[in-house]
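Observations on chain architecture
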Amino acid sequence: MEGFFTKDERCSLPSLCRSLAREVGMARRTGDFGAICKAYAAASPDKLPVRDRFGFNPVLAAIATATALCRSVEADRNMVLAVLLSPLSRAGGIVSADVASMWGDDVAKLVRGLDKVASLYSKSASVESDNFRKLLLTFAEDIRVIIIMIVDRLALMRAINHHPAERFVRDTAYEANYLYAPLAHRLGLYAIKSELEDMSLKYSNREVYTRIAHELNETKARRDAYIAEFIAPIKEKLLAEGLKFEIKGRTKSIYSIWNKMKKQHNTVEDIFDLFAIRIVIDCEPEREKPECWLAYSIVTDMYTPNPGRLKDWLSIPKSNGYESLHITVYGPGERWVEVQIRTRRMDAIAEKGLAAHWKYKGIKSESSLDTWMNNVRDILEAAETGPMELMRNFKMDVYSREVFVFTPKGDLYKLPQGATLLDFAFNIHTRIGTQCVGGRVNGRNRKLNYVLASGDTVEIFTSPRQEPSRDWLSIVVTSKARSKIRAVIKEAENKAGELGKELLHRRFANRKIDVDEATMSRTLAKLGFKDAIAFYSAVAAEEIDVNDVVEAYIACLERQAKAEEGGERVSASEYVLQSAPEDDAAADSGGDVVVIGDNIKGINYRLARCCNPIYGDPVFGFISSEGVIKIHRDDCPNAAHIRQKYGYRIIRTRWSGQAGTQLPASLRVVGKDDIGIVTNITSIINKEKSVSLRSISIDSHDGLFHGVLVVGVNDISSLNQLIKKIEAVKGVKNVQRNK
């Protein structure tokens, strides 16, 4: 390992290790670190960790993550060992069986989880990729993997300030804000969440971050003076009541201030809850609630409270275990001030999140956490939508405020604000949700779409004959309910589709007609269906007559045969463009030339879909048997055949006027299958004002991806510029226009 560290790294390594040892403290066992060092020393040189492409040393990164883990969440021994061993395991320097024999099965399990996360990132686990869903599923296997990865991202974010790779910094900041900050929020790691959000803003919009930070520094003295004035009488009264406590002030995070400024269109000075006062009481567990409410009465006796902003998470804690009393009072100088009242135990849990539950025994929120983790797995496993929609739903569930409802037996359930009776049914059990026909809320019968409020007592009515419909998707707000409804509907549609397909093919067999899938697809489109499953389901439900389908199929075959006699493909439909003043045609002096373009009238022409010509392409016209002039590119795949067999039906053609309507063009892109390459390509397309992305399909194998993009462009010049920009993307090997 000697050559693995730079001179500066070798100098700093001993102090980093000593710092980690101090932070781990009693959690580690004698010989733990020595055994890890021996494992690294025993590995062959080709099985040792190597620096990543951004220059980070994975061993130092692991030490930084382990140290931050101990400081932020009071991690247990197994988590720290897993973090330190994971770089060696990923490099192949140690196998899972050896980890299990030396440090135990639990450490080996955590190392496997971290290795899996790392392998997904190496295969492109950006938010836009499908690997992202697999990444979340890996997280959901063990909550400690989530916690480790959150802290690992925190350590990385701290390390990339002023990193020369700007795109890497932006992408890392985006993902930290989009994925890791919401996860930290859900696990009650509020300090980490705030730091991730602040650094994300700093790296993505340094100017805004610096301006707000500067304004906060300028007003710090005034804030400190105001806080001292506010707490002085409270402190005196609390001491008179014999309470042991600590009072501290807390300014909102820069990211939160920025969000407030955007929503309220205010300056920093105008944000009324810019800071909060926190009263932390030191007492025995059985005295927690009485002493918190005593402090509440003292504060509200001195300052006028705002009843609408009372948040009682003391009586009913949040799902992540957060307990506190929040009140907003009218302080000196006619300013609103938020006061948070909690005990030292509650404060530790609020600061260090769920992990602090391992320190304090007797906490009752683990079952809530298990429920949430099971919900996450359900959402991810049943997800039918794309990764971005999945994450939007995921974030919505994470950040939603909660309502608290009861069953008739008194069991308490927590749901996001806006949840309906149907959400509640799915929250209890999927079968109850799918068979729900209504319910009784506070003794009154209610429909599926009834929005629940805190304190409601809810009883669900079910029927075995009930089946979910797509209308239910507009009723529910929770991701779990939405995913389950989609899954049940999809399963029912697939069954109906199989039945309809079997019925239709049996009828074709009776007529002794062999079914060609391409012709059937065109028939399906002709009958107005975009989706094959919907088509076959309609056949099964007798919404469409089987005989009508057979006749439409035969008619499609006849049209295809007739078109082939005319020398053209009919693999896809064609669309008509109308377009440039009529005198443009007369202005051409080259003989018989068809002029096409924007606003041309009186000419019955179509652009051939076999080659998709766009404005500026060299083109020719072909008079079809229907009398319509089909416009083909000179390099159309059918051009040679048409010229050879039907040269007498070809007519010279040119474009007229200026480019107008966007026309489709197909590009084939080949590149290295790397993180973010597809995102970079689509980002370039979205930034082009005269270009729109219509569809994209990706196939990946042997380390390469092959993509087909259909874009809408105004003219050939715009297309050529786009091709050059895509070719410049790192990792792209070839870009060609499909013929």
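Values in this document were obtained by computation on a predicted structure and should not be read as measured data. (Residues numbered from 1 in each chain as written. Predicted model: local features only at pLDDT ≥ 70, side-chain atom pairs only at ≥ 80, totals over all residues. Heavy atoms only, no water.)

1. A word on the pairing of strand E8 (residues 412-416)
In this sheet, E8 lies alongside strand E7 (residues 402-406) in antiparallel orientation, the contact comprising five bridges. Note on E8: the bridge partner recorded for Phe404 is Lys414. Following E7, the chain reverses through five residues before pairing antiparallel with E8; Gly410 in that reversal takes a positive phi of roughly 95 degrees. (Pairing = 2+ DSSP bridges. Helix = DSSP H or I, 4+ residues; strand = E, 2+ residues; numbered from the N terminus.)

2. With respect to helix H21 (residues 532-540)
Two residues of an α-helix separated by three or four positions point the same way, owing to the 3.6 residues in each turn. All of the buried residues in H21 are Phe535, Tyr536, Ser537, Ala538 and Val539. Immediately downstream of H21, the backbone of Glu542 shows phi near 60 degrees, a positive value. (Buried < 20%, exposed > 50% of the residue type's maximum accessible area, 1.4 Å probe, protein only.)

3. What to know about the nonpolar core
Membership of the largest hydrophobic core comes to 66 residues, with the highest contact counts inside it found for Leu69, Trp103, Ile150, Ile192 and Leu196. Excluding anything up to four places from it in sequence, Ile192 contacts Ser72, Val73, Ile150, Val151, Leu154 and Ala184. In terms of nonpolar packing, the next biggest core, distinct from the first, is built from 40 residues, Ile227, Ile247, Ile277 and Cys283 among them. (Core = buried A, V, L, I, M, F, W, Y, C linked by side-chain atoms within 4.5 Å. Contact = heavy atoms within 4.5 Å.)

4. Some words on the sheet that holds strand E19 (residues 704-713)
If you walk across this open sheet you meet the four strands as E18-E19-E17-E20, and the pairing is antiparallel. The two strands at the open ends of the sheet, each matched to only one other strand, are strand E18 (691-701) and strand E20 (732-737). Direction aside, the axes of adjacent strands within the sheet are offset by 20 degrees on average. Pairing of E18 with E19 involves ten bridges; the strand directions are antiparallel. From the neighbouring strand, Val691 faces E19, where its bridge partner is Val713. In the packing of helix H25 (residues 677-687) onto the sheet, contacts are made with strand E17 (663-672), E18, E19 and E20, and the angle to E18 comes to roughly 165 degrees. Docked against the sheet, helix H26 (residues 716-727) engages E17, E18, E19 and E20, running at close to 165 degrees with respect to E20. (Axes fitted to C-alpha atoms, helices over the stretch in contact; angles between N-to-C directions.)

5. Here's the deal with the packing of helix H11 (residues 206-240) against helix H13 (residues 288-302)
As a packed pair, H11 and H13 sit with axes 10 Å apart at the nearest point and diverge in direction by 140 degrees. One way to sum up the angle between H11 and H13 is to call them oblique. You can see that H11 and H13 cross each other, and the crossing is right-handed. Between H11 and H13, the contacting residues are Pro233, Ile234, Lys237 and Leu238 on the first element and Ala295, Ile298, Val299 and Met302 on the second. Residues of the contact of H11 with H13, tallied by class, amount to seven nonpolar, no polar and one charged. (Parallel < 35°, antiparallel > 145°, perpendicular 65-115°, else oblique. Left-handed = near helix turned anticlockwise from the far one by under 90°. Nonpolar A, V, L, I, M, F, W, Y, C, P; charged D, E, K, R; others polar.)

6. What to know about a nonpolar patch on the surface
A cluster of nonpolar side chains, Val678, Leu693, Ile696 and Ile698, forms an exposed patch at the surface whose accessible area comes to about 280 Å². In terms of residues, the nonpolar patch owes the most to one element, E18, which gives three residues. Following the sequence through the fold, Ile696 ends up in strand E18. Take Ile696: its relative accessible area is 38%, and that puts it in the partly exposed class. (Patch = residues over 30% accessible without salt bridge, like charges linked within 9 Å, V, L, I, M, F, W, Y side chains within 5 Å. Areas by Shrake-Rupley, 256 points an atom, 1.4 Å probe, with all protein chains shown as cover. Salt bridge = Lys/Arg side-chain N within 4 Å of Asp/Glu carboxyl O.)

7. Describing the packing of helix H9 (residues 166-186) against helix H10 (residues 190-204)
Between H9 and H10, the least distance of the axes is 9 Å, while the angle of their chain directions is 160 degrees. Viewed along their axes, H9 and H10 adopt a mutual orientation that is roughly antiparallel. Between H9 and H10 lies a crossing whose hand is left-handed. Each of Val169, Arg170, Ala173, Tyr174, Ala176, Asn177, Tyr180, Ala181, Ala184 and His185 in H9 lies in contact with H10, whose residues at this interface are Tyr190, Ile192, Lys193, Leu196, Glu197, Ser200 and Tyr203. Here the residues of the contact of H9 with H10 are counted per class, giving eleven nonpolar, three polar and three charged.

8. So, a positive patch on the surface
A surface patch of like charges, here positive, comprises Arg53, Lys672, Lys730 and Lys733. Positionally, Lys672 belongs in strand E17. (Lys, Arg positive; Asp, Glu negative; His and termini not counted. Charge placed at Lys NZ, Arg CZ, Asp CG, Glu CD.)

9. Re the side chain of Glu338
For Glu338, the position within the fold is in strand E6 (residues 335-343). A polar contact is formed between the side chain of Glu338 and the side chain of Gln340, at a distance of 3.1 Å. (Polar contact = N/O pair within 3.5 Å; in protein donor to acceptor, adjacent residues only side chain to side chain.)

10. Focus on the confidence of the model for the protein chain
Interpreting fine coordinate detail is not advised for predicted regions of low pLDDT. Scored by pLDDT, the protein chain has a mean of 79; 81% of the residues are at 70 or more. Here residues 125-131 scores under 50 on pLDDT; set against residues more than four positions off or in separate chains, the count is 24 contacts. (pLDDT = per-residue confidence, 0-100.)

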